[in-house]
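Residue-level listing of the chains:
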Amino acid sequence: MNLAITLLVALSIASIIGTVLQQNQPYTDYVLKFGPFWFEVFKQLGLYDVYSSSWFLFILLFLVMSTSTCIYRNAPNMLREMREYRQNIQLETLENFPNSHSWPLNHTMDEVQHVVQKMFSHHGYSARLKTGEDHQLISGMKGAGSRLGYILTHLAIVLICIGGLMDGNAILKAREMLGQIVPETRNLPANEVPAISHMGIDNTSFRGSVSVPEGSRTDVLFINYKDGYLVQGLPFLVEVKDFRIEHYASGQPKSFESDLVLHDERLQQPLEQTISVNHPLIYDGYSIYQASFSDGGSELELMAWPLKGSNNEPKKIETKVGDDLQIDLFKRSWVLEASDFRLFNINPSEDPAKKFQNVGPSVQFKMRNETGEAKEFLNYMLPVERDGAYYHLSGVRGSPAEEFQYLYIPMDDAGGMNRFMKFLRALNDKQVLQKIAAKQNITEQPLLSKDGAQLNEAFVRLAGLFIENGLDGIMAQVEKNVPLDKREEVAQLYVRVLQQILGAVYLDVLKEEGVDVNFGVDEKKAAFFDAASAAIGAIGRYGSPVYFQLTNFKHHQASGLQIAKAPGKNLVYPGCAMLILGVFLMFYAPQQRLWARLQPTEKGVSLILAGHSDRNNLDFSKQYSQIQAQFERVLMS
Amino acid sequence: MNSTRAALQFELDKQSFWKGLSLFDWLWAIVVLLGTAYAYSSYATLMDVYEKGILISMAATLIALGWHWKAIRPLSLAVFLLSIFGISRYVNGLGDAELDFFLRFLVSSQSAIMWMSALYVLATVTYFVAFVGRSDFVGKVASAMTWSATAMGLVGLMVRWRESYLIGLDVGHIPVSNLYEVFILFSIITALLYLFYERRYQTRALGFFVLLVISAAVAFLLWYAFDRQAADIEPLVPALKSYWMKIHVPANFVGYGAFALAAMVAVAYLVRAQAEKSGANSVWLTLPSLEILDDLMYKSIALGFAFFTLATILGALWAAEAWGGYWSWDPKETWALIVWLNYAAWLHMRLTKGWRGKPMAAWAIVGLFVTLFAFLGVNMFLSGLHSYGEL
Ligand code: HEM
């Protein structure tokens, strides 16, 4: 019995481990967390999947065994107890019970017996009469349930554990140890995964997932196992016709659902059903759940705006999420890896009235250069508001660990990015700068040469530096070739001149648009200028030679299905029912006994009333004393 | 000798359950049945068979409860009337909560819950005064406060339920869907369990101890509401949109409440044991006898264990529907198991090894901390599938 308690406690402690250390993460994460040495140690201890580690299973098995033996040992006499009326209990025992009383009566045996019988049955005790040579013993009993409860409870534990073990991946482990299966760690399409990592449809119990693009079908799924996965075959085809997300007015997701078609030659016609979270499809022992969703290869139409050079026109590019596209930009070849498309972006809203706002579609992709280095980008299709003004937003980061840094390209009056791009291109354009240099009267600028050619040189260099690396670039330049004492001054001058250049170029751009700038520009255009200048200053850090503007898309989603087969259910669920029933019986139907011993005397009868309960004795004593009082009242009347 | 038979007959009749019912018992039954009939006739068309079943069994439960525990009747009536009143004050949508006097200061879910909080804290103090001052009257006041607090809490939940529908028909849901709401539920259930035993054992001495936990819960509730705006009604995430939630969560909180009660009784036990040891006749000796405390501790742990078993199993069934497996070793699940195993061990200790007294009391207190972690700590420190309120 100590064993039971020890096991219960051991099991709890073992379980704790699995909750403090996140289970079944990619092994690389663990390596990062613990370093190679401890990673290996913990791996050997099976801490990355505690609940299917051999030692944990061992504890469970032990619990099952000890509970079974416990039942085996206790059940028989408990069952006997249930039926046993203890009719050969001794006189002394009765007298020694704490709940016991005796009356000398001048009634007849029959009368007393009648009273006792009535009383017992009235209080719910079933009674048996036994006539001894010199006395009669009426034994009453109720609450046999607690015994039954004990058996049910503990039997339930056994059933549940066994069922659970069947559905856990103990069997997988065994087969792996026998070398029958090896998890696949490479990222391959199912049909290229070697047979050793395939599980046939004879696999009795599993739980895996698969992502099915709308309009396509699957007959396999993937079981995450250790640091890899296994491919599980299905005896039928699951087709996802359509996947839908519905939203609340507030923008939060309300439901995820998929229209499924299940093709099985055992069926006359395909089985159609819509599943959603909490509403799976159950078929032939398989359960199909709505688990997640992802992009199913949306078609993207991108406008690639060059951020360098002066004579590159924007280029239209078409690709699909999941594809890698080879493109050549400025004589260098890049790979555009479109990784995700989102139709909605529900972000915390700026205006306090509503919690969330939908900022529309976005595309996520990597730009990989020849050397294999890649930066990741997140571009929003629609201009996003930021204190009053609208911007085309593009996030960039060097690695998934980092936060996105955003480039804010101001939206022009037409709602596009033409003006910004013209502005940028003009800054890259020597002729334009030349024109400006000619116009500028900078005679009072001592440090700059009066010679037009050189001045133009300086302008081009300045603009170039700014586009390359923003103000930092210019500062670096200053520090490189200006003596300390003059730097301050020169820097200021450069910035001032840069301002002039930017301003002048901007005016040119506006003129070209046909804006009348003779009386200066309105606030909006001024704000645009500041934002545009800031953006250009940031291009150096942006790290991509082009800006991909999402111009059009065709959305394809993929539904993340989880498919499980758990025959253990058929043990576990009945077990659960037994457990509930058993526990309540055990607590609320305690076994209670009453005895009435009648012995004839010369005056009449001597009656001994006694009671006993194996649980909740306080309550029982209360009841007993009530019953005794009743006897008192009846018999002494 | 017929006198004996007469006396016997008399006794049996007096004892007979049905004959024992008073006029008020029958009145109560009729009131409940009328209410149920009304609800049924007006909403049956909107209810599926389960909901009809639930409605009817609720009526039966309420009648039985009212028969065995009379105090439930005024409570139910008060909650009913105030809730109806509160709901009826909402005419042009949620905005009324600020405009309408009664909503603003009494029966909007926010105000009702504030009343509940205030009353529970007051009751705690009052119980203490009653205990130290050994004043029966003050004790009665404390009980009254606790009852009113409970009523206001229930009203708060009822009205909140309605408010959720005022936000949007698709948003509406039973208020047991996030940490804020279940904390209210926890306070109410713990209080009700306590009040039951207060009557059963005819002692108010434990009120102070039990109300301490409730006050702690209230403190958390207020912090959570004001610091984290947790009081806002949020639409349900898809995973929570399930019938199971409606039974799983309340069952769980009967368990939590009972465990909390047991732990506080255990505290009382240790205090009294200490007082007895030191011999001096301190005020603590007015606590119920150790035997009674031990019995009460066992009873509430048993009750908690039974309901917690039920709740965990319901949770498993729900998981089977929502996550594709009845058991996923998700941290919340696992901690529920740990709590359960812990109390199973406790029960074995007591029953099969016959342990009693201080160690068991201490264990019951530890048990509360384990439970507390399962119910709060997991959300705070561990990540998992449970979409319950992250802190
Ligand atoms: C997860 C495992 C187990 C659970 C949840 C469990 C649960 C329970 C519960 C709730 C009780 C009732 C206690 C009371 O009425 O106060 C009980 C009683 C008992 N258990 Fe277990 N038990 C488990 C394992 C075991 C094992 C492994 C053994 C034996 C080695 C065992 C032996 C007993 C015995 C002898 C009783 C007393 C029955 C009686 O006298 O009515 N239990 N168990």
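Note: the structure precedes this text.
All figures in this text were calculated on a predicted structure; none of them were measured in a lab.

Draft legend 1. Broad picture of the site of the ligand. Taken together, 23 residues form the shell around the ligand, and within it Cys70, His154 and Arg615 of chain A together with Tyr298 and His348 of chain B come nearest. Residues lining the ligand come from chains A and B. With respect to the ligand, the side chain of histidine 154 of chain A contributes an N or O atom lying 2.7 Å from a nitrogen atom. Within the side chain of tyrosine 298 of chain B, a nitrogen or oxygen atom sits 3.0 Å from an oxygen atom of the ligand.

Draft legend 2. Main features of the packing of aromatic side chains. What the rule picks out here adds up to 67 aromatic pairs over all chains. A ring pair is formed by tyrosine 30 of chain A and tyrosine 48 of chain A, whose centres lie 3.9 Å apart and whose planes are at 15°; its orientation type is stacked. You can see tyrosine 30 of chain A sitting in helix 2 (residues 27-45) and its partner tyrosine 48 of chain A sitting in the loop between helix 2 and helix 3 (54-83), a full 18 residues away along the chain. Exposure remark for tyrosine 48 of chain A: the relative accessible area of 3% places this residue in the buried category. Ring centres of phenylalanine 128 of chain B and phenylalanine 208 of chain B lie 4.7 Å apart, and the angle between their planes is 50°; on these two criteria the pair is classed as tilted. Of this pair, phenylalanine 128 of chain B sits in helix 8 (residues 109-133) while phenylalanine 208 of chain B is found in helix 11 (residues 207-228), placing the two residues 80 residues apart along the sequence. When its relative accessible area of 33% is taken as the criterion, phenylalanine 128 of chain B is described as partly exposed. Above the face of the tyrosine 408 of chain A ring, arginine 386 of chain A is positioned so that its terminal group lies 3.9 Å from the ring centre. Note that lysine 622 of chain A overlies the ring of tyrosine 201 of chain B, its terminal NZ or CZ placed 5.7 Å from the centroid.

Draft legend 3. Quick look at the coordination of the iron atom of the ligand. Protein ligation of the iron atom of the ligand involves His154 of chain A (NE2) and His348 of chain B (NE2), the donor distances falling in the range 1.9 Å. For the iron atom of the ligand, the 6 donor atoms in the first shell make angles of 87 to 178° at the metal, a pattern classed as octahedral. Placement of histidine 154 of chain A in helix 6 (residues 145-167) and of histidine 348 of chain B in helix 14 (residues 331-352) is noted, with the two residues assigned to different chains. Judged by relative accessible area, which is 12%, histidine 154 of chain A ranks as buried.

Rules used throughout
Numbering of residues starts from 1 in every chain and runs along the sequence as written. Labels follow written order: the first chain is A, the first ligand is 1, and so on. Where totals are concerned, whole chains, interfaces and linings use all residues; where local detail is concerned, this predicted model gives features only for residues with pLDDT of at least 70, and gives and counts side-chain atom pairs only at 80 or more. The side-chain quantities take in all heavy atoms of the structure and omit both hydrogens and water. Near is defined per residue: the residue qualifies when any heavy atom it owns lies within 4 Å of the molecule or strand. Polar contact criterion, stated in full: a pair of N or O atoms within 3.5 Å, where within protein one must be able to donate a hydrogen and the other to accept it, and residues adjacent in sequence count only if both atoms are side-chain atoms. The criterion for an aromatic pair is that two Phe, Tyr or Trp rings (for Trp, the six-membered ring) have centres within 6.5 Å, with stacked assigned to planes under 30 degrees apart, edge-to-face to planes over 60 apart and tilted to the rest. Secondary structure counts use DSSP, requiring at least four H or I residues in a row for a helix and at least two E residues in a row for a strand, with both numbered from the N terminus. Each residue gets one of three labels from its accessible area relative to the maximum for its type: buried under 20%, exposed over 50%, partly exposed in between, using a 1.4 Å probe on protein chains only. Remark: a charge is flagged as sitting over a ring if the NZ atom of Lys or the CZ atom of Arg is within 6 Å of the ring centre and within 35 degrees of the ring normal. Water is absent from the atoms considered, so a metal site may look incomplete; donors are defined as N, O and S atoms within 2.8 Å of the metal, or 3.2 Å for Na, K and Ca. Tetrahedral means four donors with every angle between 85 and 135 degrees, whereas square planar (four donors) and octahedral (six donors) require angles over 155 degrees between opposite donors and between 65 and 115 for all others; sites fitting neither are termed irregular.

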